[in-house]
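Reading the structure
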Amino acid sequence: MWSIRMRASKQGARQRTTRLGRRTPSREANADPQTLPPVVHISGAEGIYPKGKIPAIVQEYITRARIHPKGKPDSIVITIEKIRQKPEAIFALPIATVECSSTSQASTIIKRLLSKPGISPKAITTAMHIVQNKQTIRGAALILSQSGRRVDPDRFRGVRASRMGISRTAEHALSAVLNQQAIDTPTVREAIILASKVASCDDVVSELCISDDPDYTTGYIASKKLGYVRIPCIKKKGSKAGGRVFFLSDEADIPAVIQYMEKTPVMITSVSTCHCISTIDEIIDRYHQ
Ligand code: WAQ
Ligand code: MG
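Residues numbered from 1 in each chain as written. Chains lettered and ligands numbered in written order. Predicted model: local features only at pLDDT ≥ 70, side-chain atom pairs only at ≥ 80, totals over all residues. Heavy atoms only, no water.

Side note on the coordination of the magnesium ion (ligand 2)
- Protein-derived ligands of the magnesium ion (ligand 2) are D212 (OD) and D213 (OD), with the metal-ligand distances lying across 2.3 Å. Taken individually, D212 and D213 each receive the classification buried, so the pair is uniform in this respect. (Donors = N, O, S within 2.8 Å, 3.2 Å for Na, K, Ca; no water. Buried < 20%, exposed > 50% of the residue type's maximum accessible area, 1.4 Å probe, protein only.)

Here you go:
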């Protein structure tokens, strides 16, 4: 099997002062790299595939990188890597969508769903600052559930969940259950695959995600016990903010968590149910202690 990964980015706009004293963005090819603005991450995708699928997937990833609402990339990096370790087989989380029609309702729902497994108010506040920040990072922040301490070593990168895929049979099954709720899109499928890997790590208490795509306003909270809970209206349309937080138990072996997230190949081989839209109370009731 092969891990295929794509990331697309562009050099951010430079600020320069015009004769009128106005600051306008410009991009100069020969600019001093010291003063270059940070690279803006546009999109990423990945999966684990048999060798024969490589050309088709690479083509699909290139197309995806080039038509993205966050803009046109000036760099598209594709990595194709043979996986030597047999991927661990995991389940896809059960899926639900919570009834939510405003960002303020979303904020109450987030607090309830994160408090349920005992995540502290301090950890929740720290996480909200990260996922509502316009300056997005490529990976997820790691936050300890009790102390609220952020423990990922590189704050400008975070930790990436990587080397995850889904078998063909499981992908068909996932599409079928999502289709019943009219939510069978690559964005949803890929988020479920990522969240299922993250939740399969024993030290992870929960995950919070808000897309950084300005037009994508549904986020989620996921954990092994709760499943994958989609939250509509988690942010305002047009907002460039977004991010991910993995809440860890305070006793977590952090290097081992990072190693698992970034390097251990996992493959989803079976799929669970997809509930119809539920109220927050129904979702909390379904939660097994
Ligand atoms: N590992 C860790 N963090 C990541 C990864 C990754 N592989 N990819 C993205 N992130 C972080 C990064 O900070 C991004 O800014 C942030 O997550 C959001 O990423 O069911 O599209 O790719 O309808 O914009 C949720 C779907 C979609 C909800 C999430 O995230 C639904 C999405 P995006
Ligand atoms: Mg995005």
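Okay, back to it.
Thoughts on the packing of aromatic side chains
- Taken as a whole, this structure holds 1 aromatic pair when the rule is applied.
- When the centroid spacing of 4.6 Å and the interplanar angle of 35 degrees are considered together, the rings of Y220 and Y228 count as tilted. Each member of the pair, Y220 as well as Y228, is classed as buried.
- The side chain of K197 reaches across the aromatic face of Y260, ending 5.2 Å from its centre. (Phe/Tyr/Trp six-rings, centres within 6.5 Å; stacked < 30°, edge-to-face > 60°. Lys NZ or Arg CZ within 6 Å of the ring centre and 35° of its normal.)

Brief notes about the sheet that holds strand β4 (residues 39-49)
- A sheet is described by the order of its strands in space; here 3 strands give the open sequence β4-β1-β5, paired in antiparallel fashion. Strand pairing shows two members of the sheet lacking a second neighbour, β4 and β5 (75-82), which therefore form its edges. With direction set aside, neighbouring strand axes in the sheet form an average angle of 10 degrees.
- Pairing analysis gives 8 bridges linking strand β1 (residues 2-11) to β5, with the strands arranged antiparallel. Across the sheet, W2 pairs through a bridge with K82, a residue of β5.
- Sitting on the sheet, helix α1 (residues 54-66) touches β1, β4 and β5, and the angle it makes with β1 is about 20 degrees. (Pairing = 2+ DSSP bridges. Helix = DSSP H or I, 4+ residues; strand = E, 2+ residues; numbered from the N terminus. Axes fitted to C-alpha atoms, helices over the stretch in contact; angles between N-to-C directions. Contact = heavy atoms within 4.5 Å.)

Overview of unusual backbone geometry
- Even without being glycine, A182 reaches a positive phi, approximately 60 degrees.
- Counting through the fold element by element, A182 comes out in the loop between α4 (168-180) and α5 (186-199).
- Its relative accessible area of 66% is what places A182 among the exposed residues.
- Although it is not a glycine, C233 adopts a positive phi angle of roughly 60 degrees.
- Residue position: C233 is located in the loop between β12 (227-231) and β13 (243-248).

Looking at the packing of α4 against α5
- One can describe the packing of α4 onto α5 by two numbers: an axis separation of 11 Å at closest approach and a directional angle of 120 degrees. When the interaxial angle is binned, α4 and α5 end up oblique. As for the relative orientation of α4 and α5, their crossing is right-handed in sense. Seen from α4, the contacting residues are E171, L174, S175 and L178; seen from α5, they are V188, R189 and I192.
- Broken down by class, the residue content of the contact of α4 with α5 amounts to 4 nonpolar, 1 polar and 2 charged. (Parallel < 35°, antiparallel > 145°, perpendicular 65-115°, else oblique. Left-handed = near helix turned anticlockwise from the far one by under 90°. Nonpolar A, V, L, I, M, F, W, Y, C, P; charged D, E, K, R; others polar.)

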